[in-house]
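# Structure at a glance
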Amino acid sequence: MAKTYLKGKHLVLLALLLLLLTGITYAAARRNTHGQAAQKLQQAAQDGQWEEYLRLLQEQESDPAEKLYTSAKEDAAGAPDGLRDTIYLFPTWTYGGEITGQQVRLDLATAKLHLLQKHYPNSSWSSFATLDLANYYYALGDYEQAEKYAQAADNNLLLARIALDRGDYQRALQITGKSLSAEANPDLELLYAQGRALLGLRQWEKAADLFASLPVKAEKMFAGFAEDEQLVHDNAAYWEQIATHNLERIAGLQDSEGMGHISGRVLLGEKPLSGVRVYLVDNTVPKSWSSSSEIKTMRQVVSGADGTFRFAHVLPGSYALGAAVELAAIEGYTLQQQEFTLAGGRTVTQDLRFVEVAAPEKPLGGQEVDDEVEFRWQAVEGAAYYNLWVTAVVDQGAVVSTVLRPRITTNFIRIDLTEELKKSPFYPSYGYDGELLNPHLLFGQLYRGGEFAWYITAHDEAGHKINASNGYGAVVGEEALPLFKIKGELSPADRCVWAQEYEQAIAAYEADLKDNPYDTHALVMLARIHHFGIRSGEAQPAKAAAYYERLLKVDDTPEARKALAEVYQQLGRCQEAYELYRSLLGTVAADWQLHYELAQVEYQLGQPHAALTRLKHTVSMADGRYVRSYPVVLALVLDDVDSALWFAQQVDEGERYLPLLREYNTVYESFSPAVEQAIKTGEYQQAAALLTQEPHDLFLRALLLYLEGKSPTDVREQLRPQLPAGLLQDLLTKLL
């Protein structure tokens, strides 16, 4: 029989090992016990056995009051693992995830807070719970309970919002007035709520005074953050926009015939949907600040058991509806977009309808395509046209979706990939990835060796989106996913681009050209890299022009001509740019953007009136309104205020500065005759030399710099501070 002898040090090691194993076993058992206890707690909460829940909690926690509070906060936030199940749907944006979470979890949160206040009334956590209960009941649409707890928490802002949502403007005015009179430094949100109440009561003058004061108060309030200039600027700009928007509304509402009302139902197909938070979206609000942070400024109600909702005492205007809803409730559906106008003294019935998504039919499941691809989808009743969108699928996930084909009038389309891939690099939709050039800016929408997702949006005659094939969070099998791959392999140079190793990519493409001087792909990629620059601000237009010129000798396409014209324009070779742009008139490239660029070159060549005439044609073209403020600025420089007013009524976002333009027309006279003559004959430098330091001349100097090609940011930073506060400064800010 063999014997084993252990020395002292071995005995010590053995003892330590046994102790470690015992600890591991104990820890595992403890984790298992803890997991079982957590499951029991969760089950008791879900079953509504709150006394049992409290007993279990008291057994497990040293401070049950704190645990009740933090557990309720986790429920309200969605779930302990950070899941967010609420989706916010608005006409121009979609937002997933908000602290309100699911309704069922808010019910759990409120129950836990009630348990906290019942059994631990003297705990500090209990006092915190009062304000949370007010907010949670408000999110659930139970305004009576929300009001009760808001009063207990002395939350006048929430009380005012409840009154505004109910259309009780007099009560909102009383609440805000009482609260603001007691504050040395008035809260901006409370002031805004008071302004909304004054609007509802049609007290135009008082409302105008209040809104006009908001930017000044905001600047004063955020002056303490002077070390963070961007924070000060962003907040001042935010309140400036709110003030301007409401002042413009007041100007248009003074002759209206009182308040209107809006009612409707939330429908999932034909089935009423309860518990949906419905938002009233004011279409006159600038799109630039319609985002998730502005949800709190919108009126909101919760749909009842039969799906009905109602907004009472609404100001006349143009509106749309938004919704906050549990994602699981609308899986496989999409929200129809509708805009409507409410006249004073009238009631509008407008449903908020979710419809089943238009199913994609082909290509599906990652089908590989080569020379041609056919897209086909379920036809949508009432659709006047469809937009086809594609999204590149990369290692980091999907990137931004872009329109591959707009305004398709059938439920299918075949695309010649050979031609499409030649055009794709000239239609980029992405900028810079941090400091470096984004590869998608070079490859464009489609490229060999890539995988892509696709979907369609269906639109009615008015352009409203009435359906989409992607929906919200639908779960389908892999074979049904709307994915396709384009056959082909990436070259070594292409792989360098995707790795953002641009110096190596340039060398590799140059090597490709030595092997084959007619390699159009290498020429395009080298031209585009130098056109944009490896980093922002590092473009090399002269090198880009040389590659584009070589490309045109091999493959003369409208896209390459247009790109070369852009580079010539940057180099100041305006006559050559003009000739290239002119050569594209009458081709498929002759869209509104071509006419816009041609007008800019005409201005630079000293033909401002010809440019203005072309821009009048441009804005009448499809999507021509996206020239935005450029023609307005040109008309003002030519002292043609009537044309400036006309353009402002045609272009996108012109409503933002139209009232200021009208005021400008009544306040300011023409520029000096010498300045006018110099501008009309294209002698812009001479005109600038004749300008004085008078505010109106400084305003004109800023506009001339912008037309010269300076960025709006540079112009504002250079000349806006020199302008006195008032009309000219405000108009310059809105135009640029």
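The structure presented is a predicted model; accordingly, all values stated were derived computationally and were not measured.

What counts and how
- Residues numbered from 1 in each chain as written.
- Predicted model: local features only at pLDDT ≥ 70, side-chain atom pairs only at ≥ 80, totals over all residues.
- Heavy atoms only, no water.
- Core = buried A, V, L, I, M, F, W, Y, C linked by side-chain atoms within 4.5 Å.
- Buried < 20%, exposed > 50% of the residue type's maximum accessible area, 1.4 Å probe, protein only.
- Axes fitted to C-alpha atoms, helices over the stretch in contact; angles between N-to-C directions.
- Helix = DSSP H or I, 4+ residues; strand = E, 2+ residues; numbered from the N terminus.
- Parallel < 35°, antiparallel > 145°, perpendicular 65-115°, else oblique.
- Left-handed = near helix turned anticlockwise from the far one by under 90°.
- Contact = heavy atoms within 4.5 Å.
- Nonpolar A, V, L, I, M, F, W, Y, C, P; charged D, E, K, R; others polar.
- Salt bridge = Lys/Arg side-chain N within 4 Å of Asp/Glu carboxyl O.
- Expected span 1.5 Å × (residues − 1).
- Pairing = 2+ DSSP bridges.
- Polar contact = N/O pair within 3.5 Å; in protein donor to acceptor, adjacent residues only side chain to side chain.

## Structural notes on the nonpolar core
With 93 residues, the main nonpolar core has Tyr53, Trp239, Val278, Phe311, Ile330, Leu352 and Phe354 as its most contacted residues. If you look at the next biggest cluster of nonpolar residues, it comprises 70 residues, including Trp377, Ala493, Ala527 and Ala545.

## Thoughts on the packing of helix α5 (residues 124-140) against helix α7 (residues 156-166)
At their nearest, the axes of α5 and α7 sit 11 Å apart, and the two run at 15° to each other. Classified by the angle between their axes, α5 and α7 sit roughly parallel to one another. Read as a crossing pair, α5 and α7 show a hand that is left-handed. For the pair formed by α5 and α7, the contact residues are Ala134, Asn135 and Tyr138 on the first element and Leu158, Arg161, Ile162 and Asp165 on the second. Residue composition of the contact of α5 with α7, grouped by class: four nonpolar, one polar and two charged.

## Looking at the pattern of salt bridges
A full pass over the atoms with the stated rule returns 26 salt bridges. Between Arg55 and Glu52 there is a salt bridge whose closest N-O contact spans 2.7 Å. Taken together, the residues span about one helical turn, with Arg55 and Glu52 both in helix α2 (residues 50-60) at a distance of three residues. Exposure remark for Arg55: the relative accessible area of 37% places this residue in the partly exposed category. One salt bridge in this structure joins Glu374 and Arg414, with 3.6 Å as the shortest N-O distance. One end of the pair, Glu374, is in strand β15 (residues 372-377); the other, Arg414, is in strand β19 (residues 412-416), and 40 residues separate them in sequence.

## A word on helix α18 (residues 558-570)
When the terminal C-alpha atoms of α18 are compared, their 19 Å separation across 13 residues agrees well with the 18 Å that a helix rising 1.5 Å per residue should span. Three or more residues of α18 are buried, namely Glu559, Ala560, Lys562, Ala563, Leu564, Ala565, Val567, Tyr568 and Gln569. On its buried face, α18 is in contact with α12 (417-423), α16 (520-532), α17 (541-554), α19 (574-583) and α20 (592-604). Phi turns positive, to about 80°, at Gly572, one or two residues after α18.

## A few points about the sheet that holds β15
The sheet built from three strands is open, its strands ordered β13-β15-β19 with antiparallel pairing. Strand pairing shows two members of the sheet lacking a second neighbour, β13 (360-362) and β19, which therefore form its edges. In this sheet, adjacent strand axes meet at a mean angle of 20° when their direction is disregarded.

## A look at the side chain of Glu597
By secondary structure assignment, the location of Glu597 is in helix α20. Among all residues touching Glu597, those that are not within four sequence positions of it are Lys562, Glu566, Gln569 and Tyr581.

## Observations concerning the environment of Asn438
Structurally, the position occupied by Asn438 is in the loop between β21 (436-437) and α13 (440-443). Classification of Asn438 as buried rests on a relative accessible area of 16%. With 97 residues separating them along the chain, Asn438 and Arg535 place their C-alpha atoms 9.4 Å apart. Polar contacts involving the side chain of Asn438 include one to the main-chain amide nitrogen of His440, which spans 2.9 Å.

Purely geometric numbers; function is a separate question.
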